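Observations on chain architecture
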Amino acid sequence: GYTATHQLYAHHSLVHLMAFSITVRRLDSSTHPVTVQLQSLFVPQSQDLDLTPGPGFQGAHYIYGQTLVPEVEGGPRPTVHMLWTPIPQSLTLGGEERERCWEFLAAVAGSEEEAKRSYSAGLALVAAGSLHRSHIRAWAALRRGCSVELDGPPALRQALHGCLYYLLSAVPPQDSPGVPFHGISPGGLSNGTRGEDYWGHVFWDQDTWVFPNILLLYPAAARAVLQYRLRTLEGARRNAQEQGYEGAKFPWESAATGREVCPEEIYGAQEIHVSGDVLMAFEQYYCTTQDQQLFREDGGWELVEAVAQYWCSRMEWSEEEQLYHIRGTSAVGMGWKAEVWSHLVYLNFAAALARDLLLPVPEEWEDRARKIKVPFDEERKYHPEYDGYSPGEPVKQADVVLLGFPLMHPMSAEVRRNDLEMYEPVTDPAGPAMTWSMFAVGWLELKELQRARSQLQKCFSNITEPFKVWVENSDGSGAVNFLTGMGGFLQVILFGFTGFRITRSGLLFDPAFPDDITKLNISGVSYLGNKLGVTITREETRMEVTETCWDPPASALEAVLESGQRFPLREGQSISFPTAPGWIQRSPGRTP
């Protein structure tokens, strides 16, 4: 004769607040009291924290303390403060009541002041009856500016919406600019049994797999991701110094300080390509936003310079080949990543940025960028995984294919195809979820639409029901809420289906999608201070500037097709043209 509903959510704008409610609603005309029992497994103890009970606050229990162990010897021990509503053993709907809702709050923050402020704000919204509505409104505002819709199979649409939801849940909300952001772990805030989900540490997953999607739709959150790396730069400098190198080496596993926190020493020492992944994110951000303040005033240039110095100090000259190598990297494929990333990203971007900022460019950077070895088999016309690689040898995950995207290394369609053909059949089918996305993007580049669809389809074995939560491996093992896999999947849609490529000269596009998809609509594509709505079908592409920033003023834009046709992009005026390759660029000689 009644329903009891339990609702639990992390409040979207009050970022330190978890809320849950119990609603009991009578279904018939009876007048007897209805009592539901509550059971809470929470105890105010932790094997990782030294906690002390404090005085109650506005009816809430309060505990506070520090981590038991610092990240590095002598380092800081972060503090935690928690307030929570006491949980009764039962709740009773009175005989004369038809419906009643009980709301409970928990606030967790790094300071007592912030925890109490969040809890008080939550109580005020509860009193006004608008706690959940304010959460919904915050999400609705975000989704209006970050919407991706496609006409296609329901399973694909649901996967897309799920990925957007979980990724946007992991980034700072639009109205919390003062809250420092601590990066994106492969599992977000999820935590499995002890030893799973990477302890919340931040890997290259953030910078290479998740970041491009955030940047395209939500550049303010992308900036917060970069600011996390800026705050940990000094730790990265210490990492390089301790290994006998110059500059900054970002850790394989990063947390609060930027020092290496990987529990297995070999990975911390040899998984060195992460420094390039960080720099690639900075380059993509710079090309998309031209935010010079980040680089002139907020430490961006110091980071770029430090990573370039690190790579120069890591290189060794081969007299035999008359080329530079990077030695001492981990297992198969990692040396390839380090060398190619350094050639394509670290030094070339560092030199170009120095010119933009009117700073001197060290001659060493340009010399080494020209002379770093990029493995290539002239006979078979493909890129070997490493020197001595034999075709057919198994590989763990997509790595060489990343050379085509996201690195955009110049190569012919023949070489791009050969790389895909070489590695697709030998890549571990039980490898991590993001792998197949990169093969899908490659086949979309080559307009092999069904091959792209078959690769994308492999991702679906990593999606669990009913809430479309991804797991790291297709057998259900590994991290839960695996944002890395979701990031790769979203890149197929946001960069593969559209053909978007972020370059220094413009935002390229070259749409292509499989037969079972008829339309793609993206609202909120951010480029040079503008927000664009883009709708693509096989026959027609429509674009419109829906919003223009005035502080600082956005660049006026135009769309240019490979045929030479030009279409000015003005706010509120839609343009359309037959779907074809082209690019979006600054409009020469026109103000917004």
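Throughout, a residue's number is its position along its own chain's written sequence, starting from 1. Only residues with pLDDT of 70 or above have their local features reported here, since the model is predicted, and side-chain atom pairs are shown and tallied only from 80 upward, although totals for entire chains, interfaces and linings are computed over all residues. Excluded from the side-chain calculations are hydrogens and water; all other atoms, namely the structure's heavy atoms, are used.

We count it as follows: UniProt positions are given in the numbering used here, feature names are shortened, and annotations may be inferred rather than shown by experiment.
Under an unreviewed UniProt entry, the name given to the chain is Protein-glucosylgalactosylhydroxylysine glucosidase, and the organism recorded is Corvus moneduloides. What the UniProt record of the chain gives under Catalytic activity (unreviewed entry) is the line "(5R)-5-O-[alpha-D-glucosyl-(1->2)-beta-D-galactosyl]-5-hydroxy-L-lysyl-[collagen] + H2O = (5R)-5-O-(beta-D-galactosyl)-5-hydroxy-L-lysyl-[collagen] + D-glucose". Under Sequence similarities (unreviewed entry), UniProt gives the following word-for-word description of the chain: "Belongs to the glycosyl hydrolase 65 family."

Things to note about the packing of helix α4 (residues 204-217) against helix α8 (residues 274-289)
Rules: To obtain an axis, a line is fitted to C-alpha atoms, over the contacting stretch when the element is a helix, and the angle between two such axes runs from 0 to 180 degrees between their N-to-C directions. Helical segments are the DSSP runs of H or I of at least four residues, strand segments are the runs of E of at least two, and each set is numbered from the N terminus. An angle below 35 degrees is treated as roughly parallel, one above 145 as roughly antiparallel, one from 65 to 115 as roughly perpendicular, and anything else as oblique. Working rule for handedness: look at the near helix, and if it is turned counterclockwise from the far one by less than a right angle, call the crossing left-handed; if clockwise, right-handed. What makes two residues a contact is simply this: any of their non-hydrogen atoms within 4.5 Å. Residues are grouped as follows: Ala, Val, Leu, Ile, Met, Phe, Trp, Tyr, Cys and Pro are nonpolar; Asp, Glu, Lys and Arg are charged; all remaining types, including Gly, are polar.
The contact between α4 and α8 brings their axes to 8 Å, and the two run at 15 degrees. If you check the angle between α4 and α8, you find them roughly parallel. Relative to α8, the crossing made by α4 is left-handed. Only Val 274, Asp 277, Val 278, Met 280, Ala 281, Gln 284, Tyr 285, Thr 288 and Thr 289 of α8 make contact with α4, whose side of the interface consists of Trp 204, Asp 207, Thr 208, Phe 211, Pro 212 and Leu 215. Residues that form the contact of α4 with α8 fall into these classes: nine nonpolar, four polar and two charged.

Observations concerning the pattern of salt bridges
For clarity, the cut-off: Note on definitions: salt bridges are taken to be side-chain nitrogens of Lys or Arg within 4 Å of carboxyl oxygens of Asp or Glu. Only protein chains enter the accessibility calculation, which uses a 1.4 Å probe; a residue is then buried when its area is under 20% of its type maximum, exposed when over 50%, and partly exposed in between.
Counted according to the given criterion, the structure contains 29 salt bridges. Asp 298 is the salt-bridge partner of Arg 223, the closest N and O atoms lying 2.8 Å from each other. Remark: Asp 298 occurs in the loop between α9 (292-296) and α10 (300-314) and Arg 223 occurs in helix α5 (residues 219-231); sequence separation between them is 75 residues. Judged by relative accessible area, which is 16%, Arg 223 ranks as buried. Asp 298 gets classed as partly exposed once you look at its relative accessible area, which sits at 30%. Residue Glu 378 pairs with Lys 381 through a salt bridge whose shortest N-O separation is 3.7 Å. With a relative accessible area of 55%, Glu 378 lands in the exposed category. Each of Glu 113, Glu 114 and Arg 117 takes part in salt bridges that share partners, so that together they form one network.

Concerning the nonpolar core
Which entries qualify depends on this criterion: In this description, a nonpolar core means a group of buried Ala, Val, Leu, Ile, Met, Phe, Trp, Tyr and Cys residues linked to one another through side-chain atoms lying within 4.5 Å.
In this structure, Phe 295, Phe 489 and Phe 497 are the most contacted members of the largest nonpolar core, which totals 136 residues. When near neighbours in sequence (up to four residues on either side) are disregarded, Phe 489 contacts Leu 156, Ala 159, Leu 160, Cys 163, Ser 437, Leu 456, Cys 459, Phe 460 and Trp 470. Judged by nonpolar contacts, the second largest core, of 14 residues, contains Tyr 9, Ala 19, Ala 107 and Ala 109.

Describing the pairing of strand β2 (residues 17-26)
Heads up, the condition is: A pair of strands is treated as paired once DSSP finds two or more bridges between them.
Buried residues dominate β2, accounting for seven of its 10 residues. As judged from the nine bridges shared by strand β1 (residues 2-10) and β2, these two strands associate in the antiparallel manner. Within β2, the position partnered with Ala 4 by the bridge is Val 24. Taken together, the nine bridges between β2 and strand β8 (residues 99-109) define a ladder with antiparallel strand orientation. Looking at the pairing, Ala 19 lines up with Leu 105 of β8.

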